[in-house]
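Chain residues, written in single-letter form:
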Amino acid sequence: MIDIAAQDALELPVDELALHVLEDIVRSNTWNSYNYCLSYTRDENYRAPGAANAVAEAVQWLWAQGMLASEPGNTSAHALFVTRRGHDAIKQGIATVRSINRLQGNLHPVIEAKARRQFLLGEYENAIFVSMKAIEVRVRQLAGFGDDVFGTDLMTKAFRQGGPLADPAAPAGEVVGTMMLFQGAYAVLRNPSGHREVSFDDVTEASEAVMTASLLMRMLDKIERRLTT
């Protein structure tokens, strides 16, 4: 059983509790989810209302996340094995699991195609680099500039007041803000990786950088619709 007090189990987020449960399933060589959950209902330490249910919720979360799967060849509906993703999650820890989940189903399709595989492989710098490169390419295409215009200079010329991507109907402050958003994101997220070795050792920061690129790409979708209608 997990080495966590019942009250703590009730207070932990379900994903964090689930990783403790997953580690215990591996450690105890558990193969039956029904019996595993039943053991908590019989444990006097988990008599607090809802405590055993919290563990059951964590087990169900593991199933839903593909960290547990039905054991092939076993006729019991509760027979399980820990999947490759489950073993990876134990090695990676809760921060990485949350960051990967944050990117699932939420990214702009272009950014997902460019960056998600690199992120899952732990190549965070590459994931961020290709995401921001995709932004640069899209801005250049929409603005109608050639390859001789690039980097923050590209963002300035594209989004400044009167620029090809600036919204003529928007207030001046919003136009400047949009330009600065694209300038700043490019300067902070793209430029360093292009000129020196950069280590994104904080997986949460890395995932949010990719999501920033996703946001910028969605903004470009809106700009394209405005330009083509």
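Up top is the structure these notes are about.
Residues numbered from 1 in each chain as written. Predicted model: local features only at pLDDT ≥ 70, side-chain atom pairs only at ≥ 80, totals over all residues. Heavy atoms only, no water.

1. Let's talk about the overall build of the protein
To be explicit about the condition: The secondary structure listing takes helices from DSSP runs of H or I that are at least 4 residues long and strands from runs of E that are at least 2 residues long, numbered from the N terminus. Two things to know: the radius of gyration comes from C-alpha atoms, and the globule rule equals 2.2 Å times the number of residues to the power 0.38. Categorising residues by exposure relies on relative accessible area from a 1.4 Å probe, with only protein chains included: less than 20% of the type maximum marks a residue as buried, more than 50% marks it as exposed, and the intermediate range marks it as partly exposed. Residues are treated as being in contact if the distance between any of their heavy atoms lies within 4.5 Å.
In terms of helices and strands, the protein carries eleven helices and two strands. Going from the N terminus to the C terminus, the protein shows its helices and strands as α-α-α-α-β-β-α-α-α-α-α-α-α. Scaling as 2.2 N^0.38, a compact globule of 229 residues should have a C-alpha radius of gyration of about 17 Å, whereas the protein reaches 24 Å, well beyond that. Taken along the three principal axes of its C-alpha coordinates, the protein extends 70 × 35 × 30 Å. A total of 229 residues make up the protein; the buried ones form 42% of that total. For the protein, long-range pairs separated by at least 24 residues make up 59% of all intrachain contacts whose partners lie at least 6 apart in sequence.

2. Examining the environment of aspartate 88
For aspartate 88, the location among the structural elements is in helix 5 (residues 84–92). Sequence separation between aspartate 88 and aspartate 221 is 133 residues; the distance between their C-alpha atoms is 35 Å.

3. Thoughts on a negative patch on the surface
Applicable threshold: Patch criteria: residues need more than 30% relative accessible area and no salt bridge. Like-charged residues are merged within 9 Å; nonpolar side chains of Val, Leu, Ile, Met, Phe, Trp and Tyr are merged within 5 Å. All accessible areas in this document rest on Shrake-Rupley with a 1.4 Å probe, and a residue is counted as covered only by the protein chains that are shown. A pair is scored as a salt bridge if a Lys or Arg side-chain nitrogen falls within 4 Å of a carboxyl oxygen belonging to Asp or Glu. All tallies of charge rest on Lys and Arg as positive and Asp and Glu as negative; His and the ends of each chain are not included. To locate a charge, take NZ of a lysine, CZ of an arginine, CG of an aspartate or CD of a glutamate.
Together, Asp201, Asp202, Glu205 and Glu208 make up a negatively charged patch on the protein surface. Topologically, glutamate 205 is positioned in helix 11 (residues 203–228).

4. Digging into the layout of surface pockets
The following threshold applies: Cavities and pockets were defined on a 1 Å grid built from protein atoms only: a cavity is a group of points that admits a 1.4 Å probe but offers it no way out, a pocket is an open group of points flanked by protein on both sides within 12 Å along at least five of seven lines, and a lining residue is one with an atom within 4 Å of any such point. Grid points are joined across faces, edges and corners, and a volume is the space filled by probe spheres set on the points.
Empty space within the largest pocket amounts to approximately 250 Å³. Among the secondary structure elements, those contributing two or more residues to the lining of the largest pocket are helix 10 (172–195) and helix 11. When residues in the lining of the largest pocket are grouped by element, the largest group, four residues, is from helix 11. As a volume, the second largest pocket reaches approximately 180 Å³. Around the second largest pocket sit Met67, Arg85, Asp88, Ala89, Gln92, Thr96, Val97, Ile100, Asn101, Gln104, Arg116 and Leu120, which together line it.

5. Focus: the packing of aromatic side chains
The criterion, for reference: Classification of ring pairs rests on two measures: the distance between centres of Phe, Tyr or Trp rings, Trp counted by its six-membered ring, which must be within 6.5 Å, and the angle between planes, read as stacked under 30 degrees, edge-to-face over 60 and tilted in between.
Taken as a whole, this structure holds four aromatic pairs when the rule is applied. A centroid spacing of 4.2 Å and a plane angle of 20° characterise the contact between phenylalanine 159 and phenylalanine 182, whose relative ring orientation is stacked. With phenylalanine 159 in helix 9 (residues 151–159) and phenylalanine 182 in helix 10, this residue pair connects regions lying 23 residues apart in the sequence. When its relative accessible area of 1% is taken as the criterion, phenylalanine 159 is described as buried. Ring-pair connections join several aromatic residues into one group, and the members of that group are Tyr36, Tyr40 and Tyr46.

6. Considerations on the side chain of arginine 140
Structurally, arginine 140 can be placed in helix 8 (residues 124–143). In this structure, arginine 140 is in contact with Phe145, Gly146, Asp147, Val149, Phe150 and Leu154, ignoring residues within four places of it in sequence.

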